[in-house]
Amino acid sequence: MKNEVLDNLDKLGSCARDDFKNVTDSKKLDELRTKYLGRKSALTDILKKVKEVKQEDRAEVGKRANEVKAGIESLVETATKTIENQKLEKNLKEDWKDVTAPGVRPQRGSLHPITQLMQKTEDIFVNMGFEVEMPYEIDDDYHNFESVNIPKGHPARDAWDTFWTEDKNVLITHTSSMQNRVMKNKKPPIRIIVPGKCFRNEATDARHEHTFYQVEGIYVDKGITMTDMLGTLKTYFEAFFEKDIDVKFIPDYFPFVEPGGQIALTCVLCDGKGCKVCKGSGWLEILGCGMIHPKVLEMAGIDSTSYTGFAWGFGLERLIMLKHNINDIRLFHKGDLRFIKQFN
Ligand code: FA5
């Protein structure tokens, strides 16, 4: 009987070692735990037989039975740890998050069309070597008027319907208010654009707002000519409208440029054939510009006998209106979502 029990215990131990090799999940582990250590397990049956072994052999058989039982318990413990570790590794792999990665901004609306096309405008000029400088929205009389050759009492002041603050400052009427500062603070070659909000005490209509955006451009260096200005602006308009465009200079008067004028583009709506918007002419007058007046250069401390430069100022909304065929400037700030959503 002793040998039979010892034999059975050895077989049970070796079966258990084989079975536990293939345990991969907790369900299988529970089954094996019940099979080898449960109340109705083979081990329980063998242990019942120990009573039938002779008295003098019982200690040896009992000791072996305990060793086999401890061996099986250790197999259960090892398998439990292996399964737990596998679970942990799987979770780490699947739920792994890189806490140092940049956050993903949830989509909430989109950029206003003015912002979108202002960014496009800045990109185009930056690619041509221009820097970007922001204007002061409230500035003094000197920068908005005097420094650009419009002294007090000059009739040209009437062309700008100005909002004055109580302390005699102005809500800038044009981004030319930055010409003097930019030229004073930088050394030639100076290539700057000034995109910013302007304010005029206008009776608003489809083409006039009291608050609108201008983009000023200033280029000062030795030997700068009108041709450079036409080339720069043609390059910009072609990139902005994404088509071939001709430009022409039509003389006009601004106190801070000489010669001064308007740039006209081939009408982007009819490609120069003539339509309602260009009044059949095939051309659109789009911006004020010219060669910077020697007096304006001198007021900024630039020697006008050595340096020349050009400047321009255009209204951004009017360009966006042409690009997207918008017929009323007041739509930009009306807050009508049906309008804004078209630019998502
Ligand atoms: C000026 O403001 C000059 N400072 C431009 C300039 C700069 C000339 C440098 C020479 C050298 P003007 O008042 O024409 O010019 O305005 C320029 C552009 O701003 C206009 O062509 C138009 O596109 C836009 N603009 C002017 N007033 C309004 C308005 N009330 N609403 C919308 N856009 C406007």
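Scroll up a little and you will see the structure.
Everything in this summary refers to the structure shown in the same document.

Reading the values: the criteria
Residues numbered from 1 in each chain as written. Predicted model: local features only at pLDDT ≥ 70, side-chain atom pairs only at ≥ 80, totals over all residues. Heavy atoms only, no water. Helix = DSSP H or I, 4+ residues; strand = E, 2+ residues; numbered from the N terminus. Expected span 1.5 Å × (residues − 1). Buried < 20%, exposed > 50% of the residue type's maximum accessible area, 1.4 Å probe, protein only. Arc of directions from axis to C-beta. Contact = heavy atoms within 4.5 Å. Axes fitted to C-alpha atoms, helices over the stretch in contact; angles between N-to-C directions. Parallel < 35°, antiparallel > 145°, perpendicular 65-115°, else oblique. Nonpolar A, V, L, I, M, F, W, Y, C, P; charged D, E, K, R; others polar. Pairing = 2+ DSSP bridges. Near = heavy atom within 4 Å. Polar contact = N/O pair within 3.5 Å; in protein donor to acceptor, adjacent residues only side chain to side chain.

### Here we look at helix 5 (residues 113–127)
(1) Moving on: In this model, helix 5 (15 residues) spans 21 Å end to end at C-alpha, consistent with the 21 Å of a helix rising 1.5 Å per residue.
(2) Moving on: For helix 5, the set of buried residues is P113, I114, L117, M118, T121, I124 and F125. The buried side chains of helix 5 occupy one side of the element, clustering within an arc of 125° when seen end-on.
(3) Moving on: Against strand 4 (190–199), strand 5 (211–221), helix 8 (226–241), strand 9 (308–315), helix 10 (316–324) and helix 11 (337–340) lie the buried residues of helix 5.

### Re the packing of helix 1 (residues 2–21) against helix 2 (residues 26–37)
For any two helices packed against each other, the geometry comes down to the angle between their axes and how far apart the axes lie.
(1) Moving on: Where helix 1 contacts helix 2, the axes come no closer than 11 Å and their chain directions differ by 175°. In this view, helix 1 runs roughly antiparallel relative to helix 2, as classed from their interaxial angle. Between helix 1 and helix 2, the residues in contact are L12, C15, A16, D19 and F20 and L29, L32, K35 and Y36, respectively.
(2) Moving on: In the contact of helix 1 with helix 2, the residues fall into 7 nonpolar, no polar and 2 charged.

### Thoughts on the pairing of strand 7 (residues 257–266)
(1) Moving on: Most of strand 7 is tucked away: 8 of the 10 residues are buried.
(2) Moving on: Judged from the 6 bridges that link them, strand 6 (residues 247–252) and strand 7 form a sheet pairing that is antiparallel. Bridge assignment links D252 to a residue of strand 7, and that residue is G260.
(3) Moving on: Hairpin connection between strand 6 and strand 7: a loop of 4 residues separates the two successive antiparallel strands.
(4) Moving on: Pairing of strand 7 with strand 8 (residues 283–292) involves 8 bridges; the strand directions are antiparallel. When the sheet's bridge partners are listed, G260 is paired in strand 8 with G290.

### Considering the site of the ligand
(1) Moving on: As a structural note, the neighbourhood of the ligand is formed by 24 residues, with H174, S176, R200, E202 and E209 the closest of them.
(2) Moving on: Side-chain polar atom of E202 to a nitrogen atom of the ligand: 2.9 Å apart, as the coordinates give it.
(3) Moving on: Contact between the ligand and E209: a nitrogen atom at 2.9 Å from a main-chain N or O atom of the residue.
(4) Moving on: For the shell around the ligand, the elements supplying multiple residues, two or more each, are strand 5, strand 8 and strand 9.
(5) Moving on: Of the residues forming the shell around the ligand, the biggest block, 4 residues, is contributed by strand 9.
(6) Moving on: Looking at the shell around the ligand, its residues break down into 10 nonpolar, 8 polar and 6 charged.

### Here we look at the packing of helix 2 against helix 4 (residues 55–94)
(1) Moving on: Interaxial distance between helix 2 and helix 4 falls to 11 Å at its minimum, and their mutual angle equals 175°. Relative to helix 4, helix 2 is oriented roughly antiparallel. Contacts between helix 2 and helix 4 involve S26, L29, R33, Y36 and L37 from the first element and K69, I72, E73, V76, A79, T80, I83 and K87 from the second.
(2) Moving on: By residue class, the composition of the contact of helix 2 with helix 4 is 7 nonpolar, 2 polar and 4 charged.

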